[in-house]
Amino acid sequence: MGSISCVLPILFLVVSLSISSTDGWGKLGHFMVCKITEKYLSENATRAVVDLLPPVAGGELAAVCSWADEVRFRYRWSSPLHYANTPGVCDFTVKRDCHNAKRTQNMCVVGAINNYTAQLRTYGKSSSGYNLTESLMFLAHFMGDIHQPLHVGFLDDEGGNTILVRWYRRKTNLHHVWDVSMIETAMKDFYNKDENIMIESIERNITGNWADDIVDWETCNRKTVTCAPQYASESIDLSCKYAYKDVEQNTTLTDDYFFSRYPIMEKRIAQAGLRLATLLNSIFDPSFNSINPGLQIA
Ligand SMILES: [Zn+2]
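Residues numbered from 1 in each chain as written. Predicted model: local features only at pLDDT ≥ 70, side-chain atom pairs only at ≥ 80, totals over all residues.

Caption draft 1: Fine view of the overall build of the protein. Summing up its helical and strand segments, the protein has 12 helices and 5 strands in all. By residue count, 42% of the 298 residues in the protein fall in the buried class. A sequence separation of at least 24 residues applies to 73% of the contacts in the protein between residues at least 6 apart. (Helix = DSSP H or I, 4+ residues; strand = E, 2+ residues; numbered from the N terminus. Buried ≥ 20, exposed ≤ 12 C-beta atoms within 10 Å, placed from the backbone. Contact = placed C-beta atoms within 7 Å.)

So this is what it looks like as structure tokens:
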């Protein structure tokens, strides 16, 4: 027992440090996205995913869905791949908005999703020169990030990072409210601090309230490698209509904000999870009908 009591504080320290340094849905948001994904992968896609996962994942995609946040300082080039910015407007275009600070084209979350999807399509081919384990972990993470509305926000305020607010009594910034605070408050207020209950609740909505929307979620009318440009367009639209709305420097956000925005956030987690599953099914199991029978109401 002595050794456990020594290890636990260190573990908590590591976990809390990694949560405070993340940028993207917090660890919990990414975990939930990938937990939902796991449920909707076909057998063949599951086999390929498990084959590619690193041993540390223990066969579970959700275990490594925050890996990209952990390496963003080691792989400095990857930092701009977590988001995209617009010049203060509520629409997204790849050509104008998808680049890094040096204006290298496609170095944003949309380009990253397209790029890692293309790499993963080489799975099983002897000519694949890519580290597909990393490609999979990047793709799973960025599909989460692109659905967090403020990951497609305004350049001037760095997606809400420079907008200082209070979340109830605590000082934080608007970006962090969407990455972490709203999920934490929901966990505490609605789900008895149990992430499994929250995931189950989202899944109930997928087969219930949102069931009629699923086909729309899983398709897009653009002829691009993936539907990522559409996801980015949705996010900047939601940023304008909900995340930024009625928020200025030093605004205190409480129940009004939480209750009107939280449903949007839960839906984005559901969309990210389902769409990642559809994408991975299309990569690893092209003959599988992407509209998973598991989604149909009996
Ligand atoms: Zn991220």
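Caption draft 2: The arrangement of the packing of helix α2 (residues 27-40) against helix α9 (residues 195-207) in detail. Close contact between α2 and α9 brings their axes to 10 Å; oriented N to C, the two are set at 50 degrees. One finds that α2 runs oblique with respect to α9. Every pair of crossing elements has a handedness; the one defined by α2 and α9 is right-handed. Along its contact with α2, which presents L28, F31, M32, K35, I36 and K39, the element α9 presents E195, M198, I199, I202 and E203. Residues that form the contact of α2 with α9 fall into these classes: 7 nonpolar, no polar and 4 charged. (Axes fitted to C-alpha atoms, helices over the stretch in contact; angles between N-to-C directions. Parallel < 35°, antiparallel > 145°, perpendicular 65-115°, else oblique. Left-handed = near helix turned anticlockwise from the far one by under 90°. Nonpolar A, V, L, I, M, F, W, Y, C, P; charged D, E, K, R; others polar.)

Caption draft 3: The arrangement of unusual backbone geometry in detail. Here R103, not a glycine, exhibits a phi torsion of approximately 65 degrees, which is positive. At D246, a position not held by glycine, the phi torsion is positive, near 60 degrees. Topologically, D246 is positioned in the loop between α11 (228-243) and β5 (252-253). We classify D246 as exposed; it has 10 C-beta atoms within 10 Å.

Caption draft 4: The confidence of the model for the protein, seen in detail. For the protein, per-residue confidence averages 89 on the pLDDT scale, and 88% of positions sit at 70 or higher. In this model residues 1-22 is a low-confidence stretch, pLDDT under 50, and it forms 9 contacts with partners more than four residues away in sequence or in other chains. For residues 292-298, every residue scores under 50 in pLDDT, and the model assigns this stretch 8 contacts once sequence neighbours within four places are set aside. (pLDDT = per-residue confidence, 0-100.)

Caption draft 5: Spotlight on the nonpolar core. If you look at the biggest cluster of nonpolar residues, it comprises 72 residues, and the most contacted ones within it are V109, I113, F142 and A232. Here this core takes 11 residues from helix α12 (residues 255-284), the largest share from any one element. (Core = buried A, V, L, I, M, F, W, Y, C linked by C-beta atoms within 7 Å.)

Caption draft 6: A look at the pairing of strand β3 (residues 164-167). Across the two faces of β3 the burial differs, with V165 and W167 buried and L164 and R166 not buried at all. Sheet topology note: the β3/strand β4 (residues 170-173) ladder contains 4 bridges and is antiparallel. Along β4, the bridge assignment pairs W167 with R170. The hairpin turn running from β3 into β4, its antiparallel successor, is 2 residues long, and Y168 in that turn takes a positive phi close to 55 degrees. (Pairing = 2+ DSSP bridges.)

Caption draft 7: Representation of helix α3 (residues 43-52) in the model. Every buried residue belonging to α3 is among A45, A48 and V49, and all of these are buried. Angularly, the buried residues of α3 cover 100 degrees about the axis, an arc narrow enough to put them on a single face. Of the surrounding secondary structure, the elements contacted by the buried residues of α3 are α7 (132-145) and α12. (Arc of directions from axis to C-beta.)

Caption draft 8: Molecular detail of the environment of C108. Topologically, C108 is positioned in the loop between α5 (94-97) and α6 (109-120). If we skip the residues at most four places from it in the chain, C108 touches P80, L81, Y83, A84, D97, C98 and H99.

Caption draft 9: Molecular detail of the sheet that holds β5. Strand order across the open sheet formed by 3 strands is β4-β3-β5, with mixed pairing between neighbours. The open sheet is flanked by β4 and β5, the only strands paired with a single partner. Looking at chain direction, β3 and β5 are connected through 2 bridges and run parallel. Its bridge partner being in β5, R166 is matched across the sheet by T252.

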